[in-house]
Amino acid sequence: MKKAVITAKETVELQEFPMPEIRDDQVLVKVKACGLCTFEQRYFTGGKEQYPFNGGHEVCGVVEQVGSRVASGVKVGDKVVVAAITRCGECYYCQRGMDNMCVNGGDNPAPNTLWGPGGLSEYMVAEGYQVYKVNDDLDFSVGTLAEPLACVLRSVEKANVKYGDTVLITGAGVMGLLHVKVAKLSGLKVLITEVDEGRKRAAVDFGADVVIDPTKEDVVETVKKLTGGLGAEACFYTAGGARAAEQGINSLCKGGTIVFYGAIYPKGTMAIDPNKIHYDEINFTGLSSTTKESFRESARLLSEGLIDVRPFVSEEYPFAEIEHAFHRAVSPETYRVIVRMD
């Protein structure tokens, strides 16, 4: 079978490997589609240099083989999405129900194996708990968005918002726009910041109520004006750097919450008045990866057609053209580029 291996900056090779064998508690998945997330893109562009690397954690495929001890009920031929990050189930955080913080997990904990989650392969081995059945009529490319959708579902949940609340999203990239989709599904009024004209239009198309250009408008004053002087109940930081995060915090109403969904690179510091946090009782929280529950919710939403994420699929390429697919994935013109194995 073939695996896509990043061997150096902007270099991807399709290499031959023997067919994997599974344990009794594992599932063999024939990969049909895999998304090229920013995680894989960083290896391709040289932002991370741990080579060789076999990426791919946004996976949709078909069950090829099921171990005798797999208890999820999946069977050969089922269409599935895969939560590719492993969890030990035994560490302090797993026992507290915070399996996304597992200290013994990672993308590939097995010794003497190729580094990476492994979805950019014709076949991948998944733990039984990583595999979620979806409806047969779900498009494989749409199924790859189960992982990012699961992250955003957790993000909106952590903001502790209620129907009718106003939220501010910083940045209209793929994650910002996915927040728009989930926020509107949750009955929220959505304000979003963006400077790029094409992405401004996309934000409106995806359902944002108001788009704010931080290079032309004062973000804090605009949010306060649109909320009767109160401010937004929540802010989701997805992009824009430390300055955007500062604006988001200062745009919050009393008791508001900021969710740091995205990381800030390069690392920086924020200038925040501690009294704002103290007197306004501002809540700070972050978001790292999915949980089993958020992935289950995501798989159900996609299966039942309760959220339309097809517009996020910008382009699709066959496995043989994966290096070109990576070049397209890192382009600002695209949202999510999908590699199709079929």
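This is a predicted model, so every value here is computed, not measured. (Residues numbered from 1 in each chain as written. Predicted model: local features only at pLDDT ≥ 70, side-chain atom pairs only at ≥ 80, totals over all residues. Heavy atoms only, no water.)

A. A look at the overall build of the protein chain. Along the backbone of the protein chain there are 11 helices and 15 strands. Taking 342 residues into account, the globule formula puts the C-alpha radius of gyration at 20 Å, and the protein chain, at 20 Å, falls close to it. Each of the three principal axes of the protein chain carries a C-alpha extent, and together these read 60 × 40 × 35 Å. A buried classification covers 54% of the 342 residues belonging to the protein chain. By sequence separation, contacts in the protein chain at least 24 residues apart represent 67% of the contacts at least 6 residues apart. For the protein chain, the accessible surface area stands at approximately 15500 Å², while carbon and sulfur atoms represent 48% of it. Distance between charge centroids for the protein chain: 3 Å, based on 37 positive and 46 negative side chains. (Helix = DSSP H or I, 4+ residues; strand = E, 2+ residues; numbered from the N terminus. Rg over C-alpha atoms; globule rule 2.2 N^0.38 Å. Buried < 20%, exposed > 50% of the residue type's maximum accessible area, 1.4 Å probe, protein only. Contact = heavy atoms within 4.5 Å. Areas by Shrake-Rupley, 256 points an atom, 1.4 Å probe, with all protein chains shown as cover. Lys, Arg positive; Asp, Glu negative; His and termini not counted. Charge placed at Lys NZ, Arg CZ, Asp CG, Glu CD.)

B. Seen up close, unusual backbone geometry. In the segment running from tyrosine 51 into proline 52, the intervening peptide bond is cis, with an omega of -5°. Examined against the element boundaries, proline 52 turns out to sit in the loop between helix 1 (38-45) and strand 4 (58-66). At the junction of tyrosine 265 and proline 266, the peptide bond is cis and its omega measures out at -10° in the coordinates. When you line up the elements, proline 266 lands in the loop between strand 12 (252-260) and helix 9 (274-280). Positive phi is not limited to glycine here, since glutamate 281 has a value of about 50°. Tracing the backbone shows glutamate 281 in the loop between helix 9 and strand 13 (283-286). Non-glycine residue serine 289 carries a positive phi angle of around 70°.

C. Quick peek at the packing of aromatic side chains. Counted by the stated rule, this structure contains 11 aromatic pairs. Look at tyrosine 43 and phenylalanine 53: their rings are 3.7 Å apart centre to centre, the planes differ by 5°, and that puts the pair in the stacked class. Of this pair, tyrosine 43 sits in helix 1 while phenylalanine 53 is found in the loop between helix 1 and strand 4, placing the two residues 10 residues apart along the sequence. Judged by its relative accessible area of 3%, tyrosine 43 is buried. Seen from their ring centres, tyrosine 92 and tyrosine 93 are 5.0 Å apart, and the 85° between their planes marks the pair as edge-to-face. Taken together through their ring pairs, the aromatic side chains of Phe39, Tyr43, Phe53 and Trp115 make up a single cluster. Across the ring face of phenylalanine 17, the terminal group of lysine 3 is positioned such that the distance to the ring centre comes to 5.9 Å. Between the NZ or CZ atom of lysine 79 and the centre of the ring of phenylalanine 140, over which it lies, the distance is 4.2 Å. (Phe/Tyr/Trp six-rings, centres within 6.5 Å; stacked < 30°, edge-to-face > 60°. Lys NZ or Arg CZ within 6 Å of the ring centre and 35° of its normal.)

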